[in-house]
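A closer look at the structure
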Amino acid sequence: MADPSTFIVNVDLRSHENNLAHRTREIDRERLIVRRGQPFSITVQCSDSLPPKHHLELVLHLGKRDEVVVKVQKQQGARDSWWFNQQEAQGEILLTLQSPADAIIGQYRLVVLLMSPHGRIVEKVDEMSFHVLFNPWCKDDVVYLPDERLLQEYIMNEDGVIFMDTWDYIKSIPWSYGQFEDFVMDICFEVLDNSKEALRNSKIDIESRSDPIYVSRMVTAMVNANGDRGVLIGRWKAPYLDGVAPNRWTGSVPILRQWSKSGIRAVKYGQCWVFAGVACTVLRCLGIPTRLITNFCSAHDVDGNLSLDFVVDFESREEKTDSKWNFHCWVESWMRRDDLPKGNDGWQVLDPTPQELSDGEFCCGPCPVAAIKEGNLGVKYDAPFVFAEVNADIVYWRVLPGGQRQQISVDQRNVGRNISTKSVYGDVREDVTLLYKYPEGSVEEREVYKKAKRRATLQPTESVEPAQLSLSIRHPNPVFGTDFDVIVEVKNGGGDDANVQLTVHAMAVTYNSLHQGECQKQMNNVTVSAQNAHKEVLRFRYDDYAKCVSDHHLIRVKALAEAQGNSLPVMTVADIPLSLPELHIQVLGKAFVWEQLTAFISFTNPLPVPLTGGVFTLEGAGLLSDTHIYVDGVISPGQKVSVKVAFTPMRTGVRKLLVDFDSDRLKDVKGVASVVVRKKYRNTLPVLSGRF
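Residues numbered from 1 in each chain as written. Predicted model: local features only at pLDDT ≥ 70, side-chain atom pairs only at ≥ 80, totals over all residues. Heavy atoms only, no water.

- The chain is annotated in an unreviewed UniProt entry as protein-glutamine gamma-glutamyltransferase of Poecilia mexicana.
- A UniProt comment under Sequence similarities (unreviewed entry) is attached to the chain, and it reads "Belongs to the transglutaminase superfamily. Transglutaminase family." (UniProt positions renumbered as here; feature names shortened; annotations may be inferred.)

Structure (C-alpha cells):
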C-alpha cells in the first residue's frame, strides 16, 4: 500500500476541456473558469489506489480572508448545494463537481483533502483556484436566456455599436467591449471588491454575489466614481486637459486597465455612452446578458413630477433644473425578478451615469422595462426616474409681469424617441421603443402616463388650446467646417393678419443641454397675413460657429413667436448636429493568428483651417491593445495624411479594428474595419509508400 502522505501527486483542473465546455475559453485557456449550474471535471493523480476506508473531501473558500467556506457534498443533495462524485481509473481519480445554479460568482480556492477512516486529515492540497460566473445557458440560473442567437450577441460579442446625435439624424460609433481581453475578468471582480458594500462587510457582500440584482446594482454604482472607488469620473464640459476627453475613447478595456494599474484611481473622463460601454463590458464578462441602449430626447426630471418644466427665457445660459438630453445611454440586462410580482422578468434598465441618488448612492436600477411600459412606478429600482426619461411631458412656461408663471404649451410626444440598440443581425439599429411605451398619442400611452402621475401623487399636465400661429425650423444635415442656412417659418392659421414679434436664438450646446456659447440671435417684428407664412433665413458661417461649438458639434436653434393681443406665444426648438468626416482604413492581406498584419489609415482635413496636434488612437479586441500614433507638424486644409501600423492578431474570429482621430480643431473622427482572423493550418498530409 502506498504511503498516504504522498498519495496525491497532482491535481489537474483540466482548464482546456472545461473552459471549452463552459464557453469561457476566450477569457483564458490556462486558468479554470466555469459557469454555475453546469458540471466540470478535475483529475486527482495518485501514487497508488485509494487506501482502504480513506476518502476524499473537497472544500471551497471565497474571499481574501476565507470569509465564506463551502463544503462540497459527496453525493447529490439539495439543488442549492455543491456536490461531487468520483471515478477511479489507472492511478487517477476523476472528480466531477456540480455547482448550484445560484452559486456565488467569484474566485474560489479549492482544497482537496485525503481523510482517514477516523476523520483525520491525512493529506491536504490547496494551491488551486478557479472562477465561477453567471450562466445564461443554464435553465435554473435567473439570468437564463433561451435563445442562442441572443447569447452570442449579448454575452459573447466583444464589439458593439453605440447610437447617438439626434432622434432625426442618428449616427453610430463603434465600441470595443473587449470583455474577454487579458485580465479583464480579474478587473471586473476588482471592481466588485472595491464597492462600498464590499468594504463595509466583505462576508455579506460575497454571499450576496449569487444575486445578479445585487451584482448589477453594484456595477452601476462602481462604474462611476461619485462617492466611492469607482472607475470613471464624469465631465460634461471642456477642458479635459488633465485626462482624456470622453469622445476619444473607443472601448472599455483601456479604461478598466488604467483604473486597475493606477491603484484604483478614477479615470478621467466619461460621459453617458462611456459609462454605459464600461458597464456593458463588466456585466457581459460576469455572465449577465447585456445590451447598450440609446434613448433619444431623454428627459432628466430633477423634481420627480414626471414632466420637464422650461421657462421661456432666451437669456438663460444653462438649464438649472430639468433638462432634455439629445440622447442618453444606459444598459439593459436580462434576468428573472423573483423579488417582484409576476410580469417583471426580462430586460432590466441599469444606468451607471451619475445623475440622481438612489438609496443614497449614485446608481440606477435594475428596473424592469415591462414595468416602465405599464407605468408601474412602485417596483424596485428607480422606476419613476426611468419612466420620466422615456415618457415625461415637456411643459413650457412664461413669467408674467407680476412674477406669476403661465403655462403656454405642452409637448406630449417629444421625449423618448427612437430608443435604439444594436441588432443581433449586424451593426444596424434595432428600435425597441415599443418595449418601453405604447405608441405616442395612443389611448394606452396617455392612460399609462395618467396612471404614473397618480402614482407620483401629481395631477396630469393640462393640454393647452392650439394657437393660431405655428412655428417650424428647417435645416440641412450640415458638415462641420461648411457654411449653411437655417429657415425659421411662422404660419398664421387664423382668419386675421397677425403682427408678430419673432425671436430666434442659436447657441452651441452639449448633447445633454449645457450651453457653450451664443452663435447668433435676432428679433424682428413681422406681419403675417391670414392663412400665410413668413420665413426668416439664418446664415451660419464656420468662422462664427467654430468659436463656440463643443466637442459634440451641436447647435440648438430656439424660435419664439408672440402675436399682439391676448393670444399665447408659440415656440419650437431644433437641434442641428454637424456631421464629421470618416477615416479610411485598409487592412492588407489575409489575417492569421500570431502573424503580423499591416493596416493603412488615412484622413483628409475637411476644414478651411490647418490642424495641429493630430493623433490616431487604435484598439481592437483580439487584435491590439490601446495604441497611439502621433502626426508631426501641420495638416493643411484639404491635405491627406496617412499612417501605417503593424500588429499581430491574438485570437481568431471576426474582429473589429477601431480608430479615432483628434486634433486641436477637429475631434472625434472615427473609423472601423472588420478583420477576419483565421487559424493557419500546416500541410500535414501523410506520405504514402508501398506497393498497390
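Back to the write-up after that little detour.
**Regarding the overall build of the chain**
- Assigned secondary structure in the chain consists of 13 helices and 37 strands.
- In terms of its C-alpha atoms, the chain occupies a principal-axis envelope of roughly 110 × 65 × 55 Å.
- Taking as baseline every contact in the chain between residues at least 6 positions apart, the subset at least 24 positions apart corresponds to 67%.
- For the chain, the exposed area adds up to about 30300 Å²; of that, 48% sits on carbon and sulfur atoms.
- In the chain, which carries 78 positive and 88 negative side-chain charges, the distance between the mean positions of the two groups comes to 3 Å. (Helix = DSSP H or I, 4+ residues; strand = E, 2+ residues; numbered from the N terminus. Contact = heavy atoms within 4.5 Å. Areas by Shrake-Rupley, 256 points an atom, 1.4 Å probe, with all protein chains shown as cover. Lys, Arg positive; Asp, Glu negative; His and termini not counted. Charge placed at Lys NZ, Arg CZ, Asp CG, Glu CD.)

**A short note on the nonpolar core**
- If you look at the biggest cluster of nonpolar residues, it comprises 106 residues, and the most contacted ones within it are W273, L286 and Y436.
- The dominant element in this core, judged by the number of residues it contributes, is helix α8 (residues 272-286), at twelve residues.
- Among all residues touching Y436, those that are not within four sequence positions of it are I293, W330, E332, V349, V369, I372, K373, V390, N391 and I419.
- In terms of nonpolar packing, the next biggest core, distinct from the first, is built from 63 residues, V504, A508, V570 and V645 among them. (Core = buried A, V, L, I, M, F, W, Y, C linked by side-chain atoms within 4.5 Å. Buried < 20%, exposed > 50% of the residue type's maximum accessible area, 1.4 Å probe, protein only.)

**Focus: the UniProt feature "active site" (unreviewed entry) in the chain**
- Within this numbering scheme, the UniProt entry marks C272, H328 and D351 as carrying the feature "active site" (unreviewed entry). These annotated residues cover 80 residues of sequence, and their C-alpha atoms lie no more than 9.7 Å from one another, placing them together at a single site.
- Summarising the element assignment, H328 is placed in strand β16 (residues 323-335).
- Given the relative accessible area of 1%, H328 is considered buried.
- If near-sequence neighbours (up to four positions away) are discounted, H328 is found in contact with C272, I293, T294, N295, S298, D351, T353, Q355 and E389.
- Inspection of the secondary structure puts D351 in the loop between β17 (346-350) and β18 (367-368).

**Details of the domain arrangement of the chain**
- Parsing the chain into structural domains produces domain 1 (8-133), domain 2 (148-454), domain 3 (469-577) and domain 4 (584-677).
- Domain 1 and domain 2 are separated by 39 Å when their C-alpha centres are compared.
- Taken together, the 20 residues of domain 1 in the interface contact 20 residues of domain 2.
- Broken down residue by residue, the surface that domain 1 buries against domain 2 is led by I27, E67 and I105, which jointly contribute 30%.
- If you look at where domain 1 meets domain 2, you find one salt bridge.
- For the side of domain 1 that touches domain 2, the secondary-structure elements that each account for two or more residues are β2 (33-35) and β9 (121-133).
- Ranked by residue count, the leading element in the side of domain 1 that touches domain 2 is β9, at three residues. (Domains from an automatic or database assignment. Buried area = accessible area lost by both parts, 1.4 Å probe. Salt bridge = Lys/Arg side-chain N within 4 Å of Asp/Glu carboxyl O.)

**Comments concerning the environment of R229**
- When you line up the elements, R229 lands in the loop between α6 (212-223) and β12 (232-234).
- Take R229: its relative accessible area is 42%, and that puts it in the partly exposed class.
- Apart from the residues within four sequence positions on either side, R229 is in contact with N194, L199, M222, W259 and I264.
- Separated by 3.1 Å, the side chains of R229 and N194 make a polar contact. (Polar contact = N/O pair within 3.5 Å; in protein donor to acceptor, adjacent residues only side chain to side chain.)

**Considerations on the packing of helix α3 (residues 184-193) against α8**
- Packing of α3 against α8 brings their axes to within 10 Å, and their N-to-C directions diverge by 105°. Taken together, the axes of α3 and α8 lie roughly perpendicular to each other. Contact with α3, carried on its side by V184, M185, C188, F189 and L192, involves T281, V282, C285 and L286 of α8 and no other residues of that element.
- Here the residues of the contact of α3 with α8 are counted per class, giving eight nonpolar, one polar and no charged. (Axes fitted to C-alpha atoms, helices over the stretch in contact; angles between N-to-C directions. Parallel < 35°, antiparallel > 145°, perpendicular 65-115°, else oblique. Nonpolar A, V, L, I, M, F, W, Y, C, P; charged D, E, K, R; others polar.)

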